[in-house]
Protein chains: 8
Amino acid sequence: MNMEYLEKILKNVSAGRLSVKDAAKTLKHIHFEDINYAHVDHHRSMRKGFPEVIFGEGKTSEQIIGIIERMAVQEEIILVTRVDKMKAESVLLRFSDAVYHEDAKMIVWKKKEIFPLQGRGKILVLSAGTSDIPVAKEAYITALAMGNEVDSVFDVGVAGIHRLFDHRKMIDNASVLVVVAGMEGALPSVVAGMVSRPVIAFPTSIGYGVSLGGLTALFAMLNSCSSNVAVVNIDNGFGAGYMASIINRC
Amino acid sequence: MNMEYLEKILKNVSAGRLSVKDAAKTLKHIHFEDINYAHVDHHRSMRKGFPEVIFGEGKTSEQIIGIIERMAVQEEIILVTRVDKMKAESVLLRFSDAVYHEDAKMIVWKKKEIFPLQGRGKILVLSAGTSDIPVAKEAYITALAMGNEVDSVFDVGVAGIHRLFDHRKMIDNASVLVVVAGMEGALPSVVAGMVSRPVIAFPTSIGYGVSLGGLTALFAMLNSCSSNVAVVNIDNGFGAGYMASIINRC
Amino acid sequence: MNMEYLEKILKNVSAGRLSVKDAAKTLKHIHFEDINYAHVDHHRSMRKGFPEVIFGEGKTSEQIIGIIERMAVQEEIILVTRVDKMKAESVLLRFSDAVYHEDAKMIVWKKKEIFPLQGRGKILVLSAGTSDIPVAKEAYITALAMGNEVDSVFDVGVAGIHRLFDHRKMIDNASVLVVVAGMEGALPSVVAGMVSRPVIAFPTSIGYGVSLGGLTALFAMLNSCSSNVAVVNIDNGFGAGYMASIINRC
Amino acid sequence: MNMEYLEKILKNVSAGRLSVKDAAKTLKHIHFEDINYAHVDHHRSMRKGFPEVIFGEGKTSEQIIGIIERMAVQEEIILVTRVDKMKAESVLLRFSDAVYHEDAKMIVWKKKEIFPLQGRGKILVLSAGTSDIPVAKEAYITALAMGNEVDSVFDVGVAGIHRLFDHRKMIDNASVLVVVAGMEGALPSVVAGMVSRPVIAFPTSIGYGVSLGGLTALFAMLNSCSSNVAVVNIDNGFGAGYMASIINRC
Amino acid sequence: MNMEYLEKILKNVSAGRLSVKDAAKTLKHIHFEDINYAHVDHHRSMRKGFPEVIFGEGKTSEQIIGIIERMAVQEEIILVTRVDKMKAESVLLRFSDAVYHEDAKMIVWKKKEIFPLQGRGKILVLSAGTSDIPVAKEAYITALAMGNEVDSVFDVGVAGIHRLFDHRKMIDNASVLVVVAGMEGALPSVVAGMVSRPVIAFPTSIGYGVSLGGLTALFAMLNSCSSNVAVVNIDNGFGAGYMASIINRC
Amino acid sequence: MNMEYLEKILKNVSAGRLSVKDAAKTLKHIHFEDINYAHVDHHRSMRKGFPEVIFGEGKTSEQIIGIIERMAVQEEIILVTRVDKMKAESVLLRFSDAVYHEDAKMIVWKKKEIFPLQGRGKILVLSAGTSDIPVAKEAYITALAMGNEVDSVFDVGVAGIHRLFDHRKMIDNASVLVVVAGMEGALPSVVAGMVSRPVIAFPTSIGYGVSLGGLTALFAMLNSCSSNVAVVNIDNGFGAGYMASIINRC
Amino acid sequence: MNMEYLEKILKNVSAGRLSVKDAAKTLKHIHFEDINYAHVDHHRSMRKGFPEVIFGEGKTSEQIIGIIERMAVQEEIILVTRVDKMKAESVLLRFSDAVYHEDAKMIVWKKKEIFPLQGRGKILVLSAGTSDIPVAKEAYITALAMGNEVDSVFDVGVAGIHRLFDHRKMIDNASVLVVVAGMEGALPSVVAGMVSRPVIAFPTSIGYGVSLGGLTALFAMLNSCSSNVAVVNIDNGFGAGYMASIINRC
Amino acid sequence: MNMEYLEKILKNVSAGRLSVKDAAKTLKHIHFEDINYAHVDHHRSMRKGFPEVIFGEGKTSEQIIGIIERMAVQEEIILVTRVDKMKAESVLLRFSDAVYHEDAKMIVWKKKEIFPLQGRGKILVLSAGTSDIPVAKEAYITALAMGNEVDSVFDVGVAGIHRLFDHRKMIDNASVLVVVAGMEGALPSVVAGMVSRPVIAFPTSIGYGVSLGGLTALFAMLNSCSSNVAVVNIDNGFGAGYMASIINRC
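Residues numbered from 1 in each chain as written. Chains lettered and ligands numbered in written order. Predicted model: local features only at pLDDT ≥ 70, side-chain atom pairs only at ≥ 80, totals over all residues. Heavy atoms only, no water.

Visitor: What should I look at first to understand the packing of aromatic side chains in this one?
Guide: Geometrically, a pair of aromatic rings is defined through the distance of the ring centres and the angle of the planes. What the rule picks out here adds up to 23 aromatic pairs over all chains. Arranged with centres 6.4 Å apart and planes meeting at 15°, the rings of B:Phe55 and F:Tyr208 form a pair that is stacked. Remark: F:Tyr208 occurs in the loop between strand S8 (199-203) and helix H9 (215-222) and B:Phe55 occurs in strand S1 (residues 52-55); the pair is interchain, linking two chains. Accessibility expressed as a relative area gives 18% for B:Phe55, which makes it buried. Residue F:Tyr208 is classed as buried on the basis of its relative accessible area, which comes to 19%. Note on E:Phe165 and G:Phe165: the rings are 5.3 Å apart at their centroids and 90° apart in plane angle, and the pair reads as edge-to-face. In this pair, E:Phe165 is assigned in helix H7 (residues 162-166) and G:Phe165 in helix H7 (residues 162-166), connecting two distinct chains. (Phe/Tyr/Trp six-rings, centres within 6.5 Å; stacked < 30°, edge-to-face > 60°. Helix = DSSP H or I, 4+ residues; strand = E, 2+ residues; numbered from the N terminus. Buried < 20%, exposed > 50% of the residue type's maximum accessible area, 1.4 Å probe, protein only.)

Here it is in structure tokens:
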């Protein structure tokens, strides 16, 4: 239908029935057709200049391969998140040049060796505990794949706050910080109090008892005394890395 | 009834019908009668050697005066918690030697000038924010009245973690620490990571949005990565001060 | 800076101008102090180049005046949030050159007329409903006072999604977007799907029944299908404006 | 029908063909029995003119077959919901003319080829994401089996709101709309703002973190700014399709 | 801007540059401008043929009068919800022909005496208890004002289920049913089990203890064993009446 | 009774005294009617032999007087719950022989001096704390007014468990026990462990912090290790007294 | 130890050192020893005259056999709850005269054929749905084993309220009613409105979405408009049957 | 120690043995390093004089062995918590002198036979039910391994409160009490009412229905009427034992 309409307007223009200016104005509002075409994974919408992402959880390796095949024609880079090792191996049999990051449970496939650096400063990924590393790695790989310089420091929880100060320089130099914590979720508040840059806090579901599957960490982060903190959903490593990247890109 | 029974047993002993050992054994289990008599405020039970406490909230000044009068006969010290200024003034008209601590909303009345020092070390009360001071003061006054040396540092929240280190010595020297925090409730975890002594964490209802009336702080404290932390109810300043005192007394 | 100071002291020691004992004493505290002095209001920590903020709720006008007086010596701009009209009038009697924004419940005081523009792009504040305007205005005034160009569009809720498209140009041009919504909290997701720039979503407590004081909006925002969204606490207009500003400043 | 039967019995009594005692016995049970008799699955009560439904979850294939056998005598159409593939295959071995819809996890068995069209307008089933399709299909198959014309559009979530406008015509023409969404649950609000017809919103348990098993989507839908929305239980695809059908049937 | 565009298209048509068909098609999609204008209260969106509604809560009588004045020019009927008696009296001083329904807390203003009957069948409003009457009346007045025949039966709670059967005829004859209940929220399930027509269940915040401000009733209604039930937000009388009306109108 | 009536109608049909059509009409509604007449207050349904109750909260003294007047014609005893002192005084001006129990906030009006004793054993009302007394008294007065012998012991909370043993005899002799507790809600479990008789546990909203308005006490009681415990709603003193009475009456 | 003490007292009595009266008084308070001995399963405390119960969940068949062996010496009847079929078969290999009720997941072992009838009236177990039958059966078997006459009617949910009236006589005749429901939990309220006898309501975890594992049914039951209802924990069939039995026994 | 080291470096500078630049470099990191060195497991921070602990859950036996090997060089005692039997057996193959406590799921490895007694009094571990024993044992083994004298009494729940009094002497003699309970969580309140010493209450996730995975027990404990109670996280046996130990050590 949109196509018909498009042709009609263009015919009016070519026949002198519609000025170029008016046609342009009209066309501006049917622009979604061509954008729509690019939305293969509809839950992780990406705009031009950024790689597509495939949410691997609940998809078979066949489905993942199928989506990659369709995307590979036009994309420079493809990310797949939440892929366990067995699925990843099947996918890599088909795309031997893809790389599987087991700790982050992500597959990264790039068309060209070198990806242009898009971010302006460095992104730093900090995590409170060893068990937070998998989701922290998801944020790390995402930010890296999106063309940023990324540093990471794991296991600097608040129970030994002095460890944080060992990394003071790295913290001070970061352009955007992604701070991961489960349990009491205190790390983002402490880190945000040390810097003037934006901190993306993301809670993990690590813990037991009243950690409530990450709700306690989430609420603690939203209650942060520092104002340079904004929060993403529990275990949403991809989202944290993505948000940090677009902040860094501006 | 218990009294009659007591007399009976004693008569048996005096008549040689019951050995001293057996009498002692028996008497041990009717000891609640005489203790019961002393339990005027039944919600804040105190044992020998510790002052009674009157929970002032929801009581009229007349009721508070009545209870103090009954208690003053046998007690060395009397505490009243959660008393607003107006009520306190009425009470002080009757007991001119009592002292009202407006910030802690407590009345302290002592029979003698000097109260014997019962605690072995120093108790330190730390609070995260200025708005936590009232409940922090309730813990402070309670611990003081119970015969402890008490120090306090207010407003050392985690958003400016360096401030904590200014008070490192005081923190290191404390025998028991009471750490108060609302909002993200992170301070007790950070402090407990710095010391080897027991930390009594108590959450306050200070905050808005997802502070959830103190639940977020409470859950964060229960999730503390440090193991030398135990927690009391939201806004329970008296309980925190009391628990710290009995730990310090051992 | 600390490094320079440290080397200076060491040089003094090396040159015999400072005893080992005095140097040790000085070094012990050095690296906190110079950072410390800027933290007048400990709950809204600001770094150099950004104005201080005073959280007005629960403070008397006398207390607010006192804090402003202390800050005015060294600060170029002072913000006071959550001040009702009556308190504000008392404060303005003392600081006649301050401005009170009644809808945002904020006082802004500036030393000089012109405040240097620090942000790189435009910040856009969007709100879903008329009742969200007060908190939306808090974000707006904050971002403005922090040296940003700020636009705002109020009342573009998802129940009449077409209204959003009327402002498409403004939305496309924004460098950072602050999107406010109560009730179902859907607006940030919709807006984030339209742009490639970072969206700071902030939920309000507006609503009844299962709006649950803003929790529903908060959770909806955290669940956003778009990845360029991060969230701040319920009704935290200042925090949203602040976070947007530091993102824009980078 | 009951009335006819009742009058028939009374006529028999009046004509002396049935004794008073036997009539009384019969009448005592009549008006439940024929209704009751039809309630084989007591949790999905259906009235005259509408197909029976068997809730397949937690039932063995033997139990399902048994119930179908009892029902098939008098029913024109039989629905079985929440049947996994393995169970369905066993059932279809017995009823070879039944159809299994794997995506909706439903079995539909019809006595006659053509089912009379009962609905007046078209029902449109819209879903926000690909993962919502299974429950959306349950609503779709239910509405279809109940004699409605049904259209469906899947994957038109609010993160790419323009996609919705591609289907504007279908949306405008629908008599009743069933709108499915998980995560932030925003789609029903947006769609309801575009139409004047009733929208049945149903939340799915799809999501992680603060999606809280569908509670966030549910609450968001109940908070909808549009008033032409009513909501059914989480993942209740059958209920949504059923409710839409009886609205369409009026 | 839209207006200019409208003129431009019309000029093209009048000049023969654009066919009537094409112009109509184009105009269909810029229709929001003129509707937008009519959306004075943006939280209760109404489409053509239905009265506007003003949400009175949190608005001054001056604000309500101002909105009515703007709306009265073009509307046939105006509803104001949640207006207390004092405010209503001020409003009626200005609009003496408006009617205030004190129990429903609603103002209804009509331009003409007779409002065309739009609904096809009868709407029945049932409530469980006497304390539910105010919100039940909001639904009743709304449905009435929207041109429906409406019946109501109050106080037929499930604790005396036989009372319900006294009204069996009325229940059987209703085209759409609005069933209100607080506390255990059982009434909608029971009623829906008796009829084949759609039931709009709406929970009230009436109750204490574990009524949880209406959440228990809401959840009970969503869990209804009957499938012809859909639910609106707690205390949302207007929404229930509105939804029933548009179902009845089809 | 219905059976007799049914046969009578059928005999009339058989004898030609009643037409088939009229008989059918009558039979359709018959079995509800005779039950109906006894329900005056629909929220506190009482059966013959038990007093009516008027829920006073939210009713004006005029409304309460009006209801009493209607009831007094046929009832021997009338209870009004949750009446504050001011309202009660107005009611007593009209009914000078009624008695107001200020602590229980109840009015009791009796037609005759002596009310027949209906319960078989003694009911014992136990409460944990002094602040639970008002609701405990509601249960006490209710049980008393319903014709039971009732004892009560207040302030025997688990923090001084020995006090409970002082009342061992009274506890052992009770036929039914009503045990009230707020805060940790432990008393019913402890008491139920001491007796073989049924314990009605009822939680109060007394407490702060995580007492969660009585939810903690409620859940604790439902989790009781003793099996002779059943629970009523938070603060539902009337319900507890009522349930105890009907158990005692059997 | 207690035994020694007992001997000592008795020796005092026999030697004339202690009067019979005093000895009796003393012995009254050491009576727990002999009762304690009988408490093999400490979570289901039973008093004299009632059978012991073994909570089977989480115990191996060996452990269950061991406990039965110890109990069988002195008990007339033994109940084991929550035993799956496999475990039950192992237990029955050892105790061939025990009976396994597969639907209730209970083992009942009786020493003698005839168990004395202890209850005074009939207990009626009613359940709302077919899926509630297993827990309803637990209540049924428990009440039966405890010496009551028990009737049961399953599957009389409120979605077809007429079915309830078929069983009116049985309902009217019951001395105590146990009413089971999941989902919206409405049945106990409806039934309690029909009778004057005590109703033990017990919620089941059956349902999905907002049934919240039985919490919705539980809260609905606690909110019952009828006052002759008290509630036990979710899925607590044993507790419901036990409580009904002791009420019936009085 | 740090002071000594600092002065040493400064002396080296003063004596020209160390350049200013090198000294600055060294001083920058000094005060963390020596503390940091001891933190091998970052989630269970231990200070000098106390054994390290390894959280076994989610770690492979290989990982556990690896950590023990690194720690064994310098530690006297090593604890591993939450290790199932299979993992434990693998670990013990490598460290044949370690001991596995199956009920507590802990491995204890000691370098020397005799561990110096550090605690001053006795720690008593009390648990309410048999199912609480595993977590209670975790507390017991932890306290024992940390050099305390520890007693334990299991299965003294409040449903048979008399059992508690059998152990009165042990309870009275304890220096610190760890009281474990699931379900209604009442035991710590009762015990704390009997003693003047600190009680560490810890809730377990044992229970069903409204035990809510331990939240009910947790909240009940936080609401304790006794003030000598502080609480740790649900199922946190190690934390309870640890906290009790450091209280006992003072």
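Here the narrative resumes, following the displayed structure.
Visitor: Even after reading the chapter, I still don't get the relation of the copies chain B and chain H, so can you show me in this structure?
Guide: In this arrangement, two copies of a chain are superimposed by a rotation about an axis accompanied by a shift along the axis. The operation relating chain B to chain H is a screw motion whose rotation component is 180°, with 0.0 Å of axial translation and a residual RMSD of 0.6 Å. Seen this way, the second copy is the image of the first under a two-fold rotation axis. When the interface residues of chain B are mapped onto chain H, 92% of them again fall at the interface, so both copies present the same face. (Least-squares fit on C-alpha atoms with pLDDT ≥ 70 in both. Contact = heavy atoms within 4.5 Å.)

Visitor: Where do I start with the relation of the copies chain F and chain G in this structure?
Guide: When chain F is fitted onto chain G, the two copies agree to an RMSD of 0.7 Å after a turn of 180° and an axial shift of 0.2 Å. Taken together, the interface assignments show that 95% of the residues at the interface of chain F recur at the interface of chain G, consistent with an identical surface on both copies.

Visitor: Where do I start with the interface of chain B and chain H in this structure?
Guide: One widely used convention gives an interface's size as the accessible area the parts lose upon coming together. Counting residues at the interface gives 38 residues for chain B, matched by 38 residues for chain H. In total, chain B and chain H occlude about 3100 Å² of area from one another, counting both sides; carbon and sulfur atoms represent 56% of this. Inspection of the chain B/chain H interface yields 0 salt bridges. Here chain B and chain H share 5 residue pairs in polar contact (both at pLDDT 80 or more) between them. Secondary-structure elements contributing two or more residues to the side of chain B that touches chain H are strand S8 (199-203), helix H10 (215-222), strand S9 (229-231) and helix H11 (237-249) of chain B. No other element matches the 7 residues that H11(B) contributes to the side of chain B that touches chain H. Grouping the constituent residues of the side of chain B that touches chain H by class yields 20 nonpolar, 12 polar and 6 charged. (Buried area = accessible area lost by both parts, 1.4 Å probe. Salt bridge = Lys/Arg side-chain N within 4 Å of Asp/Glu carboxyl O. Polar contact = N/O pair within 3.5 Å; in protein donor to acceptor, adjacent residues only side chain to side chain. Nonpolar A, V, L, I, M, F, W, Y, C, P; charged D, E, K, R; others polar.)

Visitor: Help me out: how do you make sense of the pairing of strand S2 (residues 77-81) of chain E in this one?
Guide: Within a regular beta strand, the side chains point alternately toward one face of the sheet and then the other, so they alternate between its two faces. All names here are of chain E. For S2, the tally of buried residues reaches 5 of 5 residues, placing the bulk of the element in the interior. Alternating residues of S2 divide into Ile77, Leu79 and Thr81 and Ile78 and Val80, and every residue in both groups is buried. Bridge analysis of S2 against strand S4 (residues 106-110) gives 4 bridges, and the strand direction is antiparallel. Among the inter-strand pairings, Leu79 is bridged to a residue of S4, identified as Val108. (Pairing = 2+ DSSP bridges.)

Visitor: Honestly, the pairing of S8(B) in this entry has me stumped. Any pointers?
Guide: Residues and elements named next belong to chain B. Summarising burial for S8: 5 of the 5 residues are buried, a large majority. Here S8 shows a buried face lined by Val199, Ala201 and Pro203 and a second buried face lined by Ile200 and Phe202. As paired strands, strand S7 (residues 176-181) and S8 are joined by 5 bridges and run parallel to one another. Paired with Val179 across the bridge in S8 is Ala201. Taking the sense of rotation as the criterion, the β-α-β connection linking S7, helix H9 (residues 187-192) and S8 turns out right-handed. Bridge analysis of S8 against S9 gives 3 bridges, and the strand direction is parallel. Note on S9: the bridge partner recorded for Ile200 is Ala230. (Right-handed = clockwise from strand over helix to strand, strands pointing away.)

Visitor: Explain the pattern of salt bridges to me, please; I cannot follow it from the model alone.
Guide: When charged atoms on two side chains of opposite charge get close, those side chains can pair. Evaluated as defined, the whole model comprises 56 salt bridges over all chains. Here E:Glu102 ties to E:Lys85 by a salt bridge, and the two come within 3.8 Å at their closest N and O atoms. One end of the pair, E:Glu102, is in the loop between strand S3 (99-101) and S4; the other, E:Lys85, is in helix H5 (residues 85-94), with 17 residues separating them in the sequence. Residue E:Lys85 is classed as partly exposed on the basis of its relative accessible area of 42%. A salt bridge links F:Lys122 to F:Asp151; the nearest nitrogen and oxygen atoms lie 3.1 Å apart. Here the residue F:Lys122 occupies a position in strand S5 (residues 122-127), and F:Asp151 occupies one in strand S6 (residues 149-153), the gap between them amounting to 29 residues.

Visitor: Would you take a moment to explain the interface of chain F and chain G for this structure?
Guide: Taken together, the contacts link 39 residues of chain F with 38 residues of chain G. When chain F packs against chain G, close to 3200 Å² is buried across both sides, 57% of that on carbon and sulfur atoms. Remark: the boundary between chain F and chain G carries 0 salt bridges. Taken together, chain F and chain G are joined by 5 residue pairs in polar contact (both at pLDDT 80 or more). Considering every element that reaches the side of chain F that touches chain G, the biggest residue donor is helix H10 (residues 237-249) of chain F, with 7 residues. Considering only residue class, the side of chain F that touches chain G consists of 21 nonpolar, 12 polar and 6 charged.

Visitor: Would you explain the state of the cysteines in this entry?
Guide: Throughout this description, disulfide means a covalent bond between two cysteine sulfur atoms. Under the defined criterion, the tally for this structure stands at 0 disulfides over all chains. The thiol of F:Cys225 is not disulfide-bonded; the next cysteine sulfur, from H:Cys225, is found 18 Å away. Judged by its relative accessible area of 6%, F:Cys225 is buried. (Disulfide = S-S within 2.5 Å.)

Visitor: Teacher, can you tell me more about the packing of helix H3 (residues 61-72) of chain H against helix H4 (residues 85-94) of chain H here?
Guide: Packed helices, taken two at a time, are described by the angle between their axes plus the distance between the axes. Residue and element names in this part refer to chain H. Relative to each other, H3 and H4 sit at 40°, their axes nearing to 9 Å. As judged from the angle between their axes, H3 and H4 are oblique. Between H3 and H4 lies a crossing whose hand is right-handed. The residues of H4 that touch H3, namely those facing Ser61, Ile64, Ile65, Ile68 and Glu69, are Lys87, Ser90, Val91 and Arg94. Split into classes, the residues belonging to the contact of H3 with H4 amount to 4 nonpolar, 2 polar and 3 charged. (Axes fitted to C-alpha atoms, helices over the stretch in contact; angles between N-to-C directions. Parallel < 35°, antiparallel > 145°, perpendicular 65-115°, else oblique. Left-handed = near helix turned anticlockwise from the far one by under 90°.)

Just distances and angles here, no functional claims.
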